[in-house]
Amino acid sequence: NAGVTQTPKFRILKIGQSMTLQCTQDMNHNYMYWYRQDPGMGLKLIYYSVGAGITDKGEVPNGYNVSRSTTEDFPLRLELAAPSQTSVYFCASSSRDRGNSPLHFGNGTRLTVT
Amino acid sequence: DQQVKQNSPSLSVQEGRISILNCDYTNSMFDYFLWYKKYPAEGPTFLISISSIKDKNEDGRFTVFLNKSAKHLSLHIVPSQPGDSAVYFCDLGVHNYGQNFVFGPGTRLSVLP
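Residues numbered from 1 in each chain as written. Chains lettered and ligands numbered in written order. Predicted model: local features only at pLDDT ≥ 70, side-chain atom pairs only at ≥ 80, totals over all residues. Heavy atoms only, no water.

Colleague: Please provide a residue-by-residue account of the sheet that holds strand β6 (residues 56–59) of chain B, values included.
Modeller: Strand pairing within a sheet occurs via backbone hydrogen bonds; the two strands may be parallel or antiparallel. All names here are of chain B. Spatially, β1-β3-β8-β7-β6 is the arrangement adopted by the five strands of the open sheet, whose pairing is antiparallel. The open sheet terminates on both sides in strands that have one partner only, identified here as β1 (4–5) and β6. The pairing of strand β7 (residues 62–67) with strand β8 (residues 72–77) spans six bridges and is classified as antiparallel. The residue of β8 that forms the bridge with Phe65 is Ser74. (Pairing = 2+ DSSP bridges. Helix = DSSP H or I, 4+ residues; strand = E, 2+ residues; numbered from the N terminus.)

Colleague: Break down the state of the cysteines for me, with residues and values.
Modeller: The bond known as a disulfide is covalent and runs between the sulfur atoms of two cysteines. All told, the structure shown has two disulfides over all chains when counted by the stated rule. Sulfur-sulfur distance for the disulfide between Cys23 of chain A and Cys91 of chain A comes to 1.9 Å. Since a negative S-S torsion denotes a left-handed disulfide, the Cys23 of chain A-Cys91 of chain A link at about -70° is left-handed. Of the two residues, Cys23 of chain A is situated in strand β3 (residues 19–25) and Cys91 of chain A in strand β9 (residues 87–94); the sequence distance between them amounts to 68 residues. Each member of the pair, Cys23 of chain A together with Cys91 of chain A, is buried. Disulfide pairing places Cys23 of chain B opposite Cys90 of chain B at an S-S distance of 2.0 Å. Taking the sign of the torsion about the S-S bond as the criterion, the disulfide between Cys23 of chain B and Cys90 of chain B, at about 75°, is right-handed. (Disulfide = S-S within 2.5 Å. Buried < 20%, exposed > 50% of the residue type's maximum accessible area, 1.4 Å probe, protein only.)

Colleague: Give me the sheet that holds strand β8 (residues 76–78) of chain A: which residues, what numbers.
Modeller: Residues and elements named next belong to chain A. Strands sit in the order β1-β3-β8-β7 across an open sheet of four strands; the sheet is antiparallel. Among the strands making up the open sheet, the edge pair consists of β1 (4–7) and β7 (64–66). Along the sheet, successive strands turn relative to each other by an average axial angle of 20°, direction set aside. In the sheet, β3 pairs with β8 via three bridges, with the strands oriented antiparallel. When the sheet's bridge partners are listed, Leu21 is paired in β8 with Leu76. (Axes fitted to C-alpha atoms, helices over the stretch in contact; angles between N-to-C directions.)

Colleague: Break down the interface of chain A and chain B for me, citing the residues and quoting the values.
Modeller: At the junction of the two partners, chain A supplies 23 residues and chain B supplies 20 residues. For chain A, the biggest contributors to the area lost against chain B are Leu43, Arg98 and Phe105 of chain A; these three give 31% of the whole. For the pair chain A and chain B, the interface holds one salt bridge. Taking the shortest distance from any N to any O, the salt bridge between Arg98 of chain A and Asp91 of chain B comes out at 2.7 Å. Ranked by residues supplied to the side of chain A that touches chain B, first place goes to strand β4 (residues 31–37) of chain A with four residues. Looking at the side of chain A that touches chain B residue by residue, the classes come out as eleven nonpolar, nine polar and three charged. (Contact = heavy atoms within 4.5 Å. Buried area = accessible area lost by both parts, 1.4 Å probe. Salt bridge = Lys/Arg side-chain N within 4 Å of Asp/Glu carboxyl O. Nonpolar A, V, L, I, M, F, W, Y, C, P; charged D, E, K, R; others polar.)

Colleague: Please set out unusual backbone geometry residue by residue, giving values where relevant.
Modeller: A cis amide bond, omega -5°, links Thr7 of chain A with the succeeding residue Pro8 of chain A. Along the chain, the position of Pro8 of chain A falls in the loop between β1 and β2 (10–13). Omega for the bond connecting Val78 of chain B with Pro79 of chain B falls within 30 degrees of zero, at -10°, which places this linkage in the cis form. Here Pro79 of chain B lies in the loop between β8 and β9 (86–93). Phi is positive for Asn28 of chain A, close to 60°, though the residue is something other than glycine.

Colleague: Account for the packing of aromatic side chains, with residues named and values stated.
Modeller: Overall, the coordinates contain 13 aromatic pairs over all chains when judged by the stated rule. Centre to centre, the rings of Tyr35 of chain A and Phe105 of chain A are 6.0 Å apart; their planes meet at 50°, and the pair counts as tilted. Note that Tyr35 of chain A is positioned in strand β4 and Phe105 of chain A in strand β10 (residues 104–105), a separation of 70 residues in sequence. Neither Tyr35 of chain A nor Phe105 of chain A differs from the other in exposure class; each is buried. When the ring of Phe105 of chain A is compared with that of Tyr36 of chain B, the centres are 5.7 Å apart and the planes differ by 85°; the resulting orientation is edge-to-face. Separated into two different chains, Phe105 of chain A in strand β10 and Tyr36 of chain B in strand β4 (residues 32–38) make up a pair that spans both. (Phe/Tyr/Trp six-rings, centres within 6.5 Å; stacked < 30°, edge-to-face > 60°.)

Now the structure itself:
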């Protein structure tokens, strides 16, 4: 049972480039989330989804886009990379909403924008 | 304005002794509280949770205490083991009120053999 899988593990982007961070889960969870973690800070919610076809903004959505066409996949798109997007990105899923079940995280993608 | 603080960025404890990790918050609406543990190069993993109707929840070596009047949450690990060395995050939110919970900045625990 793989849980939540994120690819790639590492990526270096030049300013202005685009990329998609992939996230897939095999637990049939309806809820999926994208977080970023900056040094010395807690995880900040970027976007979340409560089911296929439904997405919503979190605390720090600017510069990102998401889609949720299947239950399993929740890719995060960076359109015009900026140095401020240098961070570690975590995808997570849960069986129920945040107030009723904990998160299951992937192992993260470390992104550097130079 | 930080809603959630973990005032000790790091903590060192001798193996076998108690580790106490603290988390303070300002929003009195928070009613669901979780702790996660994170090893390097891995994602956080869920450890233990508590809702505001309780003041204590225990799971093996891990106990979470909630003091609502002081807006203070703590995680006790007894006895501490070297494998407990990790970063610990508290995660707070409001039950049935959206998905945007707030994580603390984390405390790095080192358990010395």
